[in-house]
Amino acid sequence: AGIDGELLDIFDGRLKSIKPTFNNRKTSITIDDDILLLQKTDCPDKFYYNTQIEDIMKEWLDGVGINYTTNSINTTNLSINYNFVGKKMWDAMLYMTEPVWGKIYIDNDIFYFKTKLSPDYQGDVDPVFSFSTTNGSPYDNTWKISEELSATEIFNRVEIKSNPYIPQNKQIIWTGS
């Protein structure tokens with residue numbers, strides 16, 4: 001959302017549907033959150049013996065199609081012996097991060113597992129965008145976000161003040177010799 005040169009990511013996830021309503025110029029965009037996907041997916045029925053927790057996370061992320069990089073998942077010296085049957089992936093990942101005081105989050109469509117106990121720890125990454133404006137700027141308060149919370153879903157409404165381009169009829173200009 002925003003204007004050219006000052007675009008901000010407001011939502012991150014998988015595009016599920018776009019439903020335009022032409023009479024009131026509103027468009028409903030549904031995005032499935034990657035964390036929600038992990039919260040709904042069951043862990044595989046597999047016993048992990050002497051396996052590092054980051055290897056388990058990578059296996060699960062590959063299985064559900066969530067992106068990560070070699071730098072986004074810290075290595076640890078912690079191996080576990082465990083069967084996660086009956087747990088959801090997100091809860092199991094939170095369980096695995098507790099012994100190493102780790103954090104898991106998704107930022108810009110990349111999964112992160114960070115712990116200060118990792119040999120390759122390079123500092124914290126702030127996954128939160130700050131929405132600030134400059135006093136006196138013509139773009140101050142050009143958009144706002146309001147949320148509707150329910151027991152099952154979170155809805156965000158983003159209102160943007162803009163003058164959309166209205167296509168005009170094309171005029172054919174003939175040139176030639």
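Residues numbered from 1 in each chain as written. Predicted model: local features only at pLDDT ≥ 70, side-chain atom pairs only at ≥ 80, totals over all residues. Heavy atoms only, no water.

Student: Looking at this structure, how should I read a nonpolar patch on the surface?
Tutor: Taken together, the side chains of Leu15, Ile18, Ile29 and Ile31 present a nonpolar region at the surface, about 380 Å² in accessible area. Mapped onto the nonpolar patch, the elements with two or more residues apiece are β1 (14–21) and β2 (26–32). In this structure, Leu15 sits in strand β1. Judged by relative accessible area, which is 56%, Leu15 ranks as exposed. (Patch = residues over 30% accessible without salt bridge, like charges linked within 9 Å, V, L, I, M, F, W, Y side chains within 5 Å. Areas by Shrake-Rupley, 256 points an atom, 1.4 Å probe, with all protein chains shown as cover. Salt bridge = Lys/Arg side-chain N within 4 Å of Asp/Glu carboxyl O. Helix = DSSP H or I, 4+ residues; strand = E, 2+ residues; numbered from the N terminus. Buried < 20%, exposed > 50% of the residue type's maximum accessible area, 1.4 Å probe, protein only.)

Student: Please explain the pairing of strand β5 (residues 103–107) as it appears in this structure.
Tutor: Side chains on a regular strand alternate between the two faces of the sheet. Along β5, four of the five residues are buried, which leaves the element largely enclosed by surrounding structure. Alignment of β5 against strand β6 (residues 110–114), held across five bridges, turns out to be antiparallel. By the bridge assignment for β6, Ile104 is matched with Phe113. Hairpin geometry of β5 and β6 is characterised by an intervening segment of two residues between the two adjacent antiparallel strands and by a positive phi of about 50 degrees at Asn108. (Pairing = 2+ DSSP bridges.)

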